[in-house]
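Each chain, letter by letter, is given below.
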Amino acid sequence: MRGQLHRIPISLAILALLTGCLQQQAPKTSKSLPEQASTTPEAPRLTAEPSLNPATIRATLEKILAADSSCPETPAVSSRRQLRLLTRDEYNRSIKDVFRLGGDYRGSLPVEQKVLGFSNNAQYALVSSDHAAAYDKTAKELAQQIVATEWSRLVKCQVNEGAACAETFIRTYGPRIWRRPLTEDDVKALLRVHQVGADISMTAAMELVVRGLVSSPHFLYRSETGQDGTLNAYERASALSYFFWGTTPDEELMQLAASGALMQEETLLAQARRLLQDDRAKEGMKAFSNAWLNYSAVLSVSKDATVYPNFDGIRASLARETEDFFDYLVRKKQADFPELLTADYSLGDQRLADFYRAQLTTEGDQQKLTFPDQPRLGILGHGSILASLAYATETGPIQRGKFVREHLLCDILMPPPPDLMIMVPAPKEGATTRERFAAHTAAAACRGCHIKIDGVGFSMEDFDAVGLYRTIDNGKPVDASGQVFALDGKNVDINGARELSQALATSPRAKQCFVVQTWRMAQGRLESADDVCAIRQLASTFVQQDMSMAELLVQLITDPSYMQRSH
C-alpha cells in the first residue's frame, strides 16, 4: 500500500487544492532572475547566483548615509507587499516547535543563496519544480514519522477513526502551522486530501493530510501582504516571531492576534520586548550577526596544519565566541553600539583562554576573557573574524580591509576591471606580509580602490592568520600603522586594530551602517531608492539618541515603515 502512496503526485494534487487563496493575494513582483537547476538532488539551490548591481546599491547607500538630506519629517511608506519563503532554519524550527519534535529536517531542503550575506532575501528565493519536489520529499518523511510514532502524543484520536480524526488534527495544528485561523474552505480542502488517501488506507490518508499542511504555500511562505495598507494582526505576530526567534508565533502571540490587540502600538512594542528577552531570541541574534559578520566561515576556512597544528580543534569555539558575545551585548547587557567594537573583554571558556593567552574570570553565570597584555577590542579582535579573513599561512590585509569597508561602513567597492589580473603576492624571504601587499597594490590600476582598503587592512597586521596577537612578522617588527580613508568626511590615522576599533566605534557612518544591516534582515530584501528616507529616519534616531542595539531592533520591527505596506 505504501508503494501506491508514493506514486500520488502530491506536489501537484495538494498544491492545486491549497494554493488558490494565496495566489489571489500575492502581489505583483518585478521580473525575477532565471531559475537554476538543482546542484544536487538532495539540496537544490533556490536561485542562480544573485546578479547585483554594485553601482546601484552604492548610490542608494550614499543617499542613506549622506550628511544632508531633503527627506520629509514623515517619510512615505516604502515597504512592499510580499510573500517571504521560509529559510531552511526557519522551516526546521517551525516544524519542531509546532509538533514538538527533535531531529533535523533541513537535509533535503533547497539551499538559499546569500545576498550580501543574508539568506532570507525574498527577492531571490524563487522556487522551481525541483525545489517543490524537495519540499515534498521532506514533508513525506515528516508525515510518515508523525503518523507512525507521534500521533497518539499529538491528538486524542486514532488514525483508523478516519475523517473525524483527520478533522481534529487539522483544526488543532492547522492554525499553528499556517500561522492564522483556518477557514471552513481550508478545512474542507484538507479533508478532500484525506479522502484521496483513504482509497489506499487510513494511514495513507492521514499522511497526506500532514503532507498537505506542510507542503502548502500557507506554511512555506510568510505573508506580508497586509490589509488596508498595513500588516494584519497575524502577519504582525509572524513578523515579530520570525525576526526574533526564527520560528512560528507562540500561543500568546496568536491569542493577541486573534483579539486584535497586536494592532495597537503599545501591545506590539510590549510583545517585541518580550520576545527579545526570551532565550529563544538567541536564534534571531545568531541569524543576524552571522549574516552581517560571517564569522561561521571560520569553521571551514583553510589553514596550514603544519603552521597552526591546533587550529582545527578551536574553530567551533571561535565561532561560538562571536555568537555568544553579540547575543550577550544585545539581550543581556542592553549595550550601545560602540561596545560591540571597544569591549575589552569577550566570552569563552578555558580552552579559548588558552588559545588567546587570555585570562578567564567568572561573573555570575558568565565566563569572560580579558586581555591585559594585548590590544584586543571588540569583534575586530575575535579570532573567528580575523582567521576567516586570512590565508592558510598568513594574514589577508586586503580581505580584512574590504570587510570593514563593506560590512561595517556600508561602502560597496566596485569590482576590479575584468581585464585586470589579480594575484596574491608570492612569499618573499625577509619581507613582511605588509611589504609584499603594499608593493602589489601601489600599481596605478589598483590605487583607486586600495586607498580605501589597504590602510584599514594594514592596521590589523598585529593579529596573525588565526587571530593571535603578534609583534613580529617574518623576523621583522609588525607595522600596523594605517588610515581610515574618508571616515565621516576626514582621513583618520590609526595604529593597530585597537585604534581602528575605537575610530569605528565613534563613527556616525558605522552606526548608520549597522541600522542598514539590521533593516536588511528585518525586511528580507535590499534597500532601494524608495526606502532612503525611512532608513535615514531610523538611523538618525539611533545615532542621535544613543539608542541601545536592543531598542533599535524593537523599534525597527514595530516601526510604521515596517508595518505599513504601499505596493
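Residues numbered from 1 in each chain as written. Predicted model: local features only at pLDDT ≥ 70, side-chain atom pairs only at ≥ 80, totals over all residues. Heavy atoms only, no water.

**Digging into helix α5 (residues 88–99)**
Spelled out, the test is: Helix and strand labels come from DSSP, where a helix needs a run of H or I of at least four residues and a strand needs a run of E of at least two; each type is numbered from the N terminus. Take the residue count of a helix, subtract one, and multiply by 1.5 Å to get its expected span. For every residue, the accessible area (1.4 Å probe, protein chains only) is compared with the maximum for its type, and the residue is labelled buried under 20%, exposed over 50%, or partly exposed between those bounds.
The end-to-end C-alpha separation of α5 is 17 Å, in line with the 16 Å expected for twelve residues at 1.5 Å each. Turning to α5, its buried residues number three or more, namely Glu-90, Tyr-91, Asn-92, Arg-93, Ser-94, Ile-95, Val-98 and Phe-99.

**Things to note about the packing of α5 against helix α7 (residues 163–178)**
Applied cut-off: Here an axis means a line fitted to C-alpha atoms, over the contact stretch when the element is a helix, while the angle between two N-to-C directions is reported on a 0 to 180 degree scale. The hand of a helix crossing depends on one turn: near helix anticlockwise from the far one by less than a right angle means left-handed, and clockwise means right-handed. Whether two residues touch is decided by their heavy atoms; if any such pair falls within 4.5 Å, the residues are in contact. Under the grouping applied here, Gly and all other residues not named as nonpolar or charged are polar, the nonpolar ones being Ala, Val, Leu, Ile, Met, Phe, Trp, Tyr, Cys and Pro and the charged ones Asp, Glu, Lys and Arg.
Viewed as axis vectors pointing N to C, α5 and α7 meet at an angle of 145°, and their least axial separation amounts to 10 Å. Considering only the axes of α5 and α7, their crossing is right-handed. Contact residues: α5 offers Ile-95, Asp-97, Val-98 and Phe-99, while α7 offers Phe-169, Tyr-173, Arg-176 and Ile-177. Of the residues in the contact of α5 with α7, the class split is six nonpolar, no polar and two charged.

**With respect to the pattern of salt bridges**
Formally: Take a side-chain nitrogen of Lys or Arg and a carboxyl oxygen of Asp or Glu: if they are within 4 Å of each other, that pair is a salt bridge.
What the rule picks out here adds up to 35 salt bridges. Here Arg-180 ties to Asp-186 by a salt bridge, and the two come within 3.0 Å at their closest N and O atoms. You can call Arg-180 buried: its relative accessible area is 19%. The residue Glu-252 makes a salt bridge to Arg-274 at a minimum N-O spacing of 3.4 Å. One end of the pair, Glu-252, is in helix α12 (residues 251–259); the other, Arg-274, is in helix α13 (residues 265–277), and 22 residues separate them in sequence. On the basis of relative accessibility, which here comes to 22%, the residue Arg-274 falls in the partly exposed class.

**Notes on the pairing of strand β9 (residues 490–495)**
Keep this limit in mind: When DSSP locates at least two bridges between a pair of strands, those strands are taken to pair.
As defined by bridge partners, strand β8 (residues 481–487) adjoins β9 across five bridges and the pair is classed as antiparallel. Following the sheet pairing, Gly-482 is matched in β9 by Ile-494.

**A short note on the sheet that holds strand β3 (residues 345–347)**
Spatially, three strands are ordered β3-β5-β4 in an open sheet, and the strand pairing comes out antiparallel. Every interior strand has two partners, whereas the edge strands, β3 and β4 (359–363), have only one. Strand-to-strand twist in this sheet, taken as the mean axis angle between neighbours without regard to direction, amounts to 35°. As paired strands, β4 and strand β5 (residues 366–370) are joined by five bridges and run antiparallel to one another.

**Structural notes on unusual backbone geometry**
Of note in the backbone geometry, Asn-294 takes a positive phi value of approximately 55° without being a glycine. Positive phi is not limited to glycine here, since Arg-357 has a value of about 60°. Here Arg-357 shows up in the loop between α17 (350–356) and β4.

**Quick word on the pairing of β5**
As paired strands, β3 and β5 are joined by three bridges and run antiparallel to one another. Opposite Ser-346, over in β5, you have Leu-369 as the bridge partner. The hairpin formed by β4 and β5 contains two residues between the paired strands, and Gly-364 there has a positive phi angle of roughly 65°.

**Considerations on the nonpolar core**
Keep this limit in mind: In these notes, a set of buried Ala, Val, Leu, Ile, Met, Phe, Trp, Tyr and Cys residues joined through side-chain atoms within 4.5 Å is what counts as a nonpolar core.
Counting residues in hydrophobic clusters, the biggest one holds 112 residues, and the most contacted among them are Phe-244, Trp-292 and Phe-311. Here the element with the most residues in this core is helix α23 (residues 508–523); it accounts for eight residues.

**Brief notes about the confidence of the model for the protein chain**
Using the following cut-off: What pLDDT conveys is the predictor's confidence in a given residue, as a value from 0 to 100.
Considering every residue of the protein chain, the mean pLDDT works out to 90; 89% of them sit at 70 or more. pLDDT under 50 marks residues 15–42. Its contacts with residues more than four places away, or in other chains, come to 48 contacts.

**With respect to the packing of helix α8 (residues 184–198) against helix α9 (residues 202–215)**
Axis separation between α8 and α9 bottoms out at 7 Å; the angle between their running directions is 145°. Relative to α9, α8 is oriented so that their crossing is right-handed. Across the interface between the two elements, Leu-190, Val-193, His-194, Val-196, Gly-197 and Ala-198 from α8 touch Met-202, Ala-204, Ala-205, Met-206, Leu-208, Val-209, Gly-212 and Leu-213 from α9. Here the contact of α8 with α9 is built from residues that sort into eleven nonpolar, three polar and no charged.

**So, the environment of Asp-324**
Within the fold, Asp-324 resides in helix α15 (residues 315–332). Through-space distance from the C-alpha of Asp-324 to that of Lys-282 is 8.4 Å; in sequence the pair is 42 residues apart. Not counting the four nearest positions on each side in its chain, Asp-324 is found in contact with Lys-282 and Leu-347.

**Thoughts on the state of the cysteines**
Where we set the bar: What counts as a disulfide here is a pair of cysteine sulfur atoms lying within 2.5 Å.
Using the criterion set out here, one finds three disulfides in the structure. What pairs with Cys-71 in a disulfide is Cys-533, and their sulfur atoms sit 2.1 Å apart. Residues Cys-71 and Cys-533 are joined through a disulfide that is left-handed, its torsion about the S-S bond being -85°. Residue Cys-71 is located in the loop between α4 (54–65) and β1 (82–85), and its partner Cys-533 is located in helix α24 (residues 532–544); the two are separated by 462 residues in the primary sequence. Given a relative accessible area of 25%, Cys-71 falls into the partly exposed group. With its sulfur 2.1 Å from that of its partner, Cys-410 forms a disulfide with Cys-513. One disulfide, between Cys-410 and Cys-513, carries an S-S torsion of 80° and so falls in the right-handed class. With Cys-410 in the loop between α19 (397–408) and α20 (433–441) and Cys-513 in helix α23, this residue pair connects regions lying 103 residues apart in the sequence. In the protein chain, numbering the disulfide-bonded cysteines from first to last in sequence yields the connectivity 1-6, 2-3, 4-5.

**With respect to the side chain of Glu-406**
The criterion, for reference: Polar contact criterion, stated in full: a pair of N or O atoms within 3.5 Å, where within protein one must be able to donate a hydrogen and the other to accept it, and residues adjacent in sequence count only if both atoms are side-chain atoms.
Tracing the sequence through the fold places Glu-406 in helix α19. One polar contact links the side chain of Glu-406 to the main-chain amide nitrogen of Leu-413, over a distance of 3.1 Å. Non-local contacts of Glu-406, meaning those with residues more than four positions away in its chain, are made with Asp-411, Ile-412, Leu-413 and Gln-517.

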